Amino acid sequence: MLGRSQQYIKRLTFFGKRMVRVRAFRGYCARPDLAATLMTPPYDVVDTEEARQHAGGNQHSFFHVTKPEIDFPGDIDPYDDQVYTRGRDNLQKFVKEGLIVQDTTPILYVYAQTLEGRTQYGIMAESSVIEYEKNTIKKHELTRKKKEDDRTKITDLQNASAEPVFFSYERVGEIDNIVSNAAKRQAFIDYVAEDGVRHEIWKMTADESSSIEKLFAERVPEMYIADGHH
């Protein structure tokens, strides 16, 4: 999860090299009973019409936040200011109505996707754009300025990172063990999407979250963007 706070960034060197910093955060989580209603595919794998059809009259579809142009007639410019404003208003409405609820303490989360018997696990954490600027977060491709400006504008206006950025990093056994132990518990969210992918989310304890933060600061020199930065 790409955070925008810069206050926690500190210099930490390991054998003369700056290490990656990640941080626990107070995430806004979907109510478990509404997960199937709220969850949507990533914004950039569908066009506007496909998103409109996917929402299908569902006023709680998260596409109303990530692709708010679906709330307007088909000839609307998706980069119109009123589209961004509608996305912000929809997100605030979801929070006000209790569809998504903020955790009371900063923690990290384990997120798993399973398809055809294969599961990939990830850690949901906050990371600063400073890591990107200092190149401890590595880029793998050029991006389109129009899309960069689009996602920057919607993130700034909503004051939220509504969709995660997908990073990879060199394997650390101690991190894997913490993730594995957390995933042995009952998942907070357990939902199978229309495409057959099972999505599970676990909340780490405060101690687990602190251990992960420390391990990244000591053992992970860099991360690589896999997807989601367009």
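Sequence order as written defines residue numbering, which begins from 1 separately in each chain. Totals for whole chains, interfaces and linings use all residues, but because this is a predicted model, local features are given only for residues with pLDDT of at least 70 and pairs of side-chain atoms are given and counted only at 80 or more. Note that water and hydrogens are dropped before the side-chain values are worked out from all heavy atoms of the structure.

Student: I'd like a description of the pattern of salt bridges, backed by residues and values.
Tutor: Working definition: two side chains of opposite charge can pair if their charged atoms are close together. Only one rule defines a salt bridge in this text: a Lys or Arg side-chain nitrogen within 4 Å of an Asp or Glu carboxyl oxygen. Enumeration according to the criterion identifies 17 salt bridges in this entry. Note that Asp71 and Arg86 form a salt bridge whose closest N and O atoms lie 3.7 Å from each other. Of the two residues, Asp71 sits in the loop between helix H3 (63-66) and helix H4 (81-96) while Arg86 sits in helix H4, which places them 15 residues apart along the sequence. With a closest N to O distance of 2.6 Å, Arg198 and Asp190 form a salt bridge. Taking relative accessible area as the criterion, Asp190 reaches 42% and is therefore assigned partly exposed. Connected via shared salt-bridge partners are Asp190, Arg198 and Glu200. Numbering of helices and strands starts at the N terminus; helices are DSSP runs of H or I of at least 4 residues and strands are runs of E of at least 2. Burial here depends on accessible area, computed with a 1.4 Å probe over protein chains only, as a share of the maximum for the residue type. Under 20% is buried, over 50% is exposed, and the range in between is partly exposed.

Student: Quick rundown of the sheet that holds strand S8 (residues 166-168)? Include the residues and the values.
Tutor: Pairing between sheet strands relies on hydrogen bonds along the backbone, with the strands arranged either parallel or antiparallel. Any two strands are treated as partners once DSSP identifies two or more bridges connecting them. If you walk across this open sheet you meet the three strands as S7-S11-S8, and the pairing is mixed. Looking along the sheet, the strands with just one partner apiece sit at the ends: strand S7 (137-138) and S8. Where S7 lies against strand S11 (residues 223-227), two bridges are found, and the strand directions are parallel. Paired with Lys138 across the strands is Tyr224, a residue of S11.

Student: Give a detailed account of the nonpolar core, specifying residues and quantitative values.
Tutor: Ranked by size, the top nonpolar core spans 25 residues in total, and within it Ile175, Met204, Ile212, Phe216, Val220 and Met223 carry the most contacts. Elements with a contribution of two residues or more to this core: strand S5 (109-115), helix H7 (173-182), helix H8 (206-219) and S11. Considering every element that reaches this core, the biggest residue donor is H7, with four residues. The contact criterion used is simple: two residues touch if any of their non-hydrogen atoms lie within 4.5 Å. Not counting the four nearest positions on each side in its chain, Met204 is found in contact with Ile107, Leu108, Val110, Ile123, Ile178, Val179, Ala182, Arg185, Ser209 and Ile212. Of all hydrophobic cores here, the second largest spans 19 residues; its members include Phe25, Phe62, Leu99 and Met124. Throughout, nonpolar core names a set of buried Ala, Val, Leu, Ile, Met, Phe, Trp, Tyr and Cys residues whose side chains join them through atoms within 4.5 Å.

Student: For the packing of H7 against H8, give the residues involved together with the corresponding values.
Tutor: A packed helix pair is summarised by two numbers, namely the angle formed by the two axes and the spacing between the axes. For helices, the fitted axis covers only the stretch in contact; all axes are lines through C-alpha atoms, and the angles between them, taken along N-to-C directions, range from 0 to 180 degrees. H8 packs onto H7 with a crossing angle of 160 degrees between their chain directions and a minimal axis gap of 10 Å. Put simply, H7 runs roughly antiparallel to H8. Relative to H8, H7 is oriented so that their crossing is left-handed. From H7, Glu174, Ile175, Ile178 and Ala182 reach across to H8, where they touch Glu208, Ser211, Ile212, Leu215, Phe216 and Arg219. Under the convention adopted here, Pro, Cys and the residues Ala, Val, Leu, Ile, Met, Phe, Trp and Tyr are nonpolar, Asp, Glu, Lys and Arg are charged, and Gly plus all remaining residues are polar. Broken down by class, the residue content of the contact of H7 with H8 amounts to six nonpolar, one polar and three charged. Note on angle classes: values under 35 degrees are labelled roughly parallel, values over 145 roughly antiparallel, values of 65 to 115 roughly perpendicular, and the remainder oblique. Note on convention: the crossing is left-handed when the near helix lies turned anticlockwise from the far helix by less than a right angle, right-handed when the turn is clockwise.

Student: Report on the packing of aromatic side chains, specifying residues and quantitative values.
Tutor: Under the pairing criterion, centres of Phe, Tyr and Trp rings, with the six-membered ring standing for Trp, must be within 6.5 Å; the plane angle then separates stacked pairs below 30 degrees from edge-to-face pairs above 60, leaving the rest tilted. Under the definition given, this model contains four aromatic pairs. An angle of 45 degrees between the planes, with centres 6.4 Å apart, marks the rings of Phe62 and Phe94 as tilted. On the criterion of sequence distance, the pair formed by Phe62 in the loop between helix H2 (48-55) and H3 and Phe94 in helix H4 is long-range, its members being 32 residues apart. Across the pair, exposure class does not vary: Phe62 and Phe94 are buried alike. Comment: the charge-over-ring label is applied if NZ (Lys) or CZ (Arg) is within 6 Å of the ring centre and within 35 degrees of the ring normal. Between the NZ or CZ atom of Lys139 and the centre of the ring of Tyr132, over which it lies, the distance is 4.2 Å. Just above the ring of Tyr43 sits the side chain of Arg151; from NZ or CZ to the centre is 3.8 Å.

Student: Account for the environment of His64, with residues named and values stated.
Tutor: For His64, the location among the structural elements is in helix H3. When its relative accessible area of 12% is taken as the criterion, His64 is described as buried. Apart from the residues within four sequence positions on either side, His64 is in contact with Ala55, Asn58, Gln59, Ile70, Asp71, Gly87, Asn90 and Phe94.

Student: Outline the sheet that holds strand S6 (residues 118-124), supporting the account with residue identities and numerical values.
Tutor: The strand order across the open sheet built from four strands is S6-S5-S10-S9, with neighbouring strands paired in antiparallel fashion. Lying at the two open borders of the sheet, with one neighbouring strand each, are S6 and strand S9 (189-192). Across the sheet, the mean angle from the axis of one strand to that of its neighbour is 15 degrees, orientation sign disregarded. Pairing analysis gives six bridges linking S5 to strand S10 (residues 198-203), with the strands arranged antiparallel. Paired with Tyr111 across the bridge in S10 is Ile201.

Student: An account of the confidence of the model for the protein is requested, with residue identities and associated values reported.
Tutor: Detailed conclusions should not be drawn from predicted coordinates in areas where pLDDT is low. On average, residues of the protein carry a pLDDT of 89, and 91% of them reach 70 or more. Scored between 0 and 100, pLDDT is the confidence that the predictor attaches to each residue. By mean pLDDT, the top-scoring element of the protein is H7 (98), and the lowest-scoring one is strand S1 (residues 13-14) (40).

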